[in-house]
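Residue strings, one per chain:
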Amino acid sequence: MNFARWVAIYGPTYLTGLGWTAVTAVSAAGGALIWGCALLLIRLSAGRWGARGVDAYVQLFRNTPVLLPIYLIYFAFPMIGMPWPAVVCGGLALILQNGAYISEILRGSVNAIDRVQFDAARSIGLAPWSTFRKVVLPQVLVYSIPALGNQTVLLLKDTSLLSAISITELTMQAKLLTEQTGAAYEAFIVVAVLYLLLVSGTEVLFRVTHRAVRWG
Amino acid sequence: MPPGSLSLLAQGAVVSLLLAAAAIVGGTLLAVLLATIAFSRLAAVRAVYRVYVFVVRGTPLLVLALLLFYAMPALDLRTGPYIAGTLVLIVYTGALFAEVFRGGVLAIPRPQWESARSLGLPPLAMFRKIVAPLVTRYTLPPYVNVCVMTVKASSVLSIISVWELTLAAREIIERTFAVFTILGLAAAFYFVMCFGIDRLGRLLERRLALKGFAGERA
Amino acid sequence: MLTSRIRHVMAAALVAILVAAGSPAGAQEKSRLDIVLERGKLIVVTLTTVPPFAFNDDKGQLVGFDIDIARLVATALFKDPNKVEFVSVSAEGRWPAIESGRADMGVGGTTTYPDRAIRVGFTRPFIDSGISVLVGKKSGIKSLKDLDQDKYTIANLNNPQMADRAKRFFPRTKILTFDTPSAQFLAVKSGRANALQIDTPSAEYWAAQNKDEMEVLPGLLGASQNNGIFMKPGDFKWWQWLDTAVAEMRTGSWYPQYSEIYLKWFGKNPPPQKFYLQQ
């Protein structure tokens, strides 16, 4: 059957997949940002051991593929009494992985903040937590927007791996359609185009945000 | 730990490493080609580069692999899963390396270009004596980064039933259910490979810095 | 009057007709059988996590009933059971593999269904199968009826027949979908799912390996089924040969070799080759 007809018939079934991809990507991205900030806080405030701990954590997740934590949390956690739903498991794995990368991005931006600001904050008696919240974090986040955008795109692409733990996101949808209709070519081209749209959309979103925040 | 699993995992690790190595070699060659296209004088040719990179970087590796494996018979030929898997990785890393090279060339400050041109060097000599060393200096860290990404990317091929470390781990787990132990071991293997590549990269950077390439990191 | 010129023309026409008749039909595609014979090796696509049909043993070797049958086919073609290469795929990858010509034929606990047969060619069955439900004992499910409650979860494979059966037999049960039988099994073993549906021999194999935790529910989902060798449809020569080979294995001259394989994997004799011949 020709391509246009196939898309017309099976197009709407992709909406479920699209929904799941968007939901997991957005929540995992938000969670990873929070976790990354938390790691940054630990690194900055817990002295040498805090910094070393965070370093070890980051190295672990930078040097192992994200499929391993996905499988571990999904298949092994029920064994130790924590049978969380698939989306939670997948989302958690993505958060743990991307949180590590985000904390490194933020760390790079922290070094860009003028040292003077820290002294100024201390001289007006700001507590460390307030310093972090009012001085460091806003600037670091704004400064990191492009790199964070990049990381979000990577996270978005990693949601395709959640198809391995039975989450019906876009990639799983394409596999199901291939099985059902035999039209592997059509099924996967449509999915590839949808991902390209999502990725472009995310990039545009971050670029617009970056510009808005810089001028705001 | 179930008997024989360590040796199976080790075999899987070797396969992953070989897949990554082949992909890095092929990807680098492809990237050199792509990078030259990226700087072509013809806008249409440059557009080819941009489209290729856009598509490869905007699609998850899993989808690319499924697309190439299932939907493009032309690529299948009579190849086994390893060759097909390597081809997918080469397409993927080619785009990543090309962006690294392109970034490296763009990072060369204008004065260098101008002084090179004022020396009246022919293009090949200019490339060898000026462009290549500078590009190497700027691109070595991200290049090593992409190499590490390639090793990690090879694990995605397990979903396409290419037998490598992740699939080996899964198979052992399905037989014995020692999930924590086996995944832990698999993670250790990946860690050693990736961390090792990273360290090798830094070593290389330091050696090149000593030879006068003046690396950015001490 | 047959002048010499007319005789020359007639001779030329005759030669042309003979040549056209004798030469291979250029427009027709070569049969897969010829391609395989020329190549000297058979390429078979298979799932690799459906014991006892096709799975990796603890030395990492691909073994199983279907694997041995495929080797028997290779023996018929080349007198050598090792002239075969296996391509491993996940469930939905079976069809693109034969459609694209990457593999010549496929095995791996693949059941013949009419809707599947629209795109995939099947030989007659080389083994009977059926779909059983494997449950985790902890769930307390004792019959198919018990399973049909929304507090339970079943692990399916990602093909439409599984989804149909789930809708028909247990519409209330929650569904998880995976792309390999091994992932289904892991889901039940880890407690993610309470049950899975798969070919009866596989369910029985897993139940035997995990006697304390799992058991097979009595009864089949639907009828007894046929597992056949599958291939790209439309290639009559290839299908005819494969089907003849299977016929001979099950009911004819190669029954002894078939029986040997059957006994090895199922621990009992296969059905008699003719109903009127007793074992």
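Residues numbered from 1 in each chain as written. Chains lettered and ligands numbered in written order. Predicted model: local features only at pLDDT ≥ 70, side-chain atom pairs only at ≥ 80, totals over all residues.

Draft legend 1. Molecular detail of the overall build of chain C. Secondary structure summary: chain C contains 10 helices and 15 strands in total. Each of the 279 residues in chain C was classed as buried or not, and the buried ones make up 46%. Sequence separation of at least 24 residues holds for 66% of the intrachain contacts in chain C that already meet a minimum separation of 6. (Helix = DSSP H or I, 4+ residues; strand = E, 2+ residues; numbered from the N terminus. Buried ≥ 20, exposed ≤ 12 C-beta atoms within 10 Å, placed from the backbone. Contact = placed C-beta atoms within 7 Å.)

Draft legend 2. Expanded view of the interface of chain B and chain C. Taken together, the contact between chain B and chain C spans 13 residues of the former and 19 residues of the latter. Examining the composition of the side of chain B that touches chain C, we find that four residues originate from one element, helix H8 (residues 165-176) of chain B, more than from any other. Here the side of chain B that touches chain C is built from residues that sort into seven nonpolar, two polar and four charged. (Nonpolar A, V, L, I, M, F, W, Y, C, P; charged D, E, K, R; others polar.)

Draft legend 3. Highlighting the sheet that holds strand S11 (residues 174-178) of chain C. Residues and elements named next belong to chain C. Ordered in space as S11-S10-S12-S9-S13, the five strands form an open sheet in which the pairing is mixed. The sheet is open, and its two edges are formed by S11 and strand S13 (214-216), each paired on a single side. Each neighbouring strand pair of the sheet contributes to a mean axis angle of 30 degrees, computed without reference to strand direction. Pairing geometry for strand S9 (residues 131-136) and strand S12 (residues 195-199), over five bridges, is antiparallel. Paired with Ile131 across the strands is Asp199, a residue of S12. Here helix H7 (residues 181-189) sits on the sheet and contacts S9, strand S10 (153-157), S11, S12 and S13; the angle it forms with S12, its principal contact strand, is near 150 degrees. (Pairing = 2+ DSSP bridges. Axes fitted to C-alpha atoms, helices over the stretch in contact; angles between N-to-C directions.)

Draft legend 4. A look at the sheet that holds strand S4 (residues 62-63) of chain C. Residues and elements named next belong to chain C. If you walk across this open sheet you meet the three strands as S2-S3-S4, and the pairing is antiparallel. Here the strands that pair on one side only, and so sit at the sheet edges, are strand S2 (49-50) and S4. In this sheet, strand S3 (residues 54-56) lies alongside S2 in antiparallel orientation, the contact comprising two bridges. Counted as the bridge partner of Val50 is Ala54 from S3.

Draft legend 5. Region of the structure containing the pairing of S12(C). Residues and elements named next belong to chain C. Here S12 lies mainly inside the structure; five of its five residues are buried. Of the strand pairs in this sheet, S10 and S12 are connected by two bridges, and their pairing is parallel. Opposite Ile154, over in S12, you have Ala195 as the bridge partner.

Draft legend 6. How the structure looks around the packing of helix H4 (residues 67-76) of chain A against helix H5 (residues 86-110) of chain A. Residues and elements named next belong to chain A. Contact pair H4 / H5: the axes reach a minimum separation of 9 Å and the direction vectors enclose 145 degrees. Every pair of crossing elements has a handedness; the one defined by H4 and H5 is right-handed. In contact with Pro69, Ile70, Ile73 and Tyr74 of H4, H5 contributes Ala86, Cys89, Gly90, Leu92, Ala93, Leu96 and Gln97. In the contact of H4 with H5, the residues fall into nine nonpolar, two polar and no charged. (Left-handed = near helix turned anticlockwise from the far one by under 90°.)

Draft legend 7. Spatial organisation of the environment of B:Pro111. The residue B:Pro111 is located in helix H6 (residues 110-118) in this model. In this structure, the C-alpha to C-alpha distance between B:Pro111 and B:Tyr70, residues 41 residues apart in sequence, is 50 Å.

Draft legend 8. Main features of the interface of chain A and chain B. Opposite the 27 residues of chain A that make contact, chain B presents 25 residues. Of all elements in the fold, only helix H3 (47-62), H4, helix H8 (170-181) and helix H9 (184-215) of chain A reach the threshold of two or more residues within the side of chain A that touches chain B. Here the side of chain A that touches chain B takes nine residues from H9(A), the largest share from any one element. Split by residue class, the side of chain A that touches chain B holds 19 nonpolar, seven polar and one charged.

Draft legend 9. The arrangement of the confidence of the model for chain C in detail. Of the residues in chain C, 90% have a pLDDT of 70 or more, and the chain-wide mean is 86. Here residues 21-27 of chain C scores under 50 on pLDDT; set against residues more than four positions off or in separate chains, the count is zero contacts. (pLDDT = per-residue confidence, 0-100.)

Draft legend 10. Here's a closer look at the domain arrangement of chain C. Residue and element names in this part refer to chain C. Per the domain assignment, the segments of chain C are domain 1 (32-128 + 226-266) and domain 2 (131-222). Look at where the C-alpha atoms of domain 1 and domain 2 centre, and you get two points 26 Å apart. Taken together, the contact between domain 1 and domain 2 spans 12 residues of the former and 12 residues of the latter. Here the residues of the side of domain 1 that touches domain 2 are counted per class, giving seven nonpolar, four polar and one charged. (Domains from an automatic or database assignment.)

Draft legend 11. Representation of the packing of helix H2 (residues 43-58) of chain B against helix H5 (residues 81-106) of chain B in the model. Residue and element names in this part refer to chain B. At a minimum axis separation of 9 Å, H2 and H5 run at an interaxial angle of 120 degrees. Classed by the angle they form, the pair H2 and H5 counts as oblique. Considering the relative orientation of H2 and H5, their crossing is left-handed. On the side of H2, the interface is formed by Tyr52, Val53, Val56 and Arg57, while H5 contributes Val91, Tyr92, Ala95, Ala98 and Glu99. Here the contact of H2 with H5 is built from residues that sort into seven nonpolar, no polar and two charged. (Parallel < 35°, antiparallel > 145°, perpendicular 65-115°, else oblique.)

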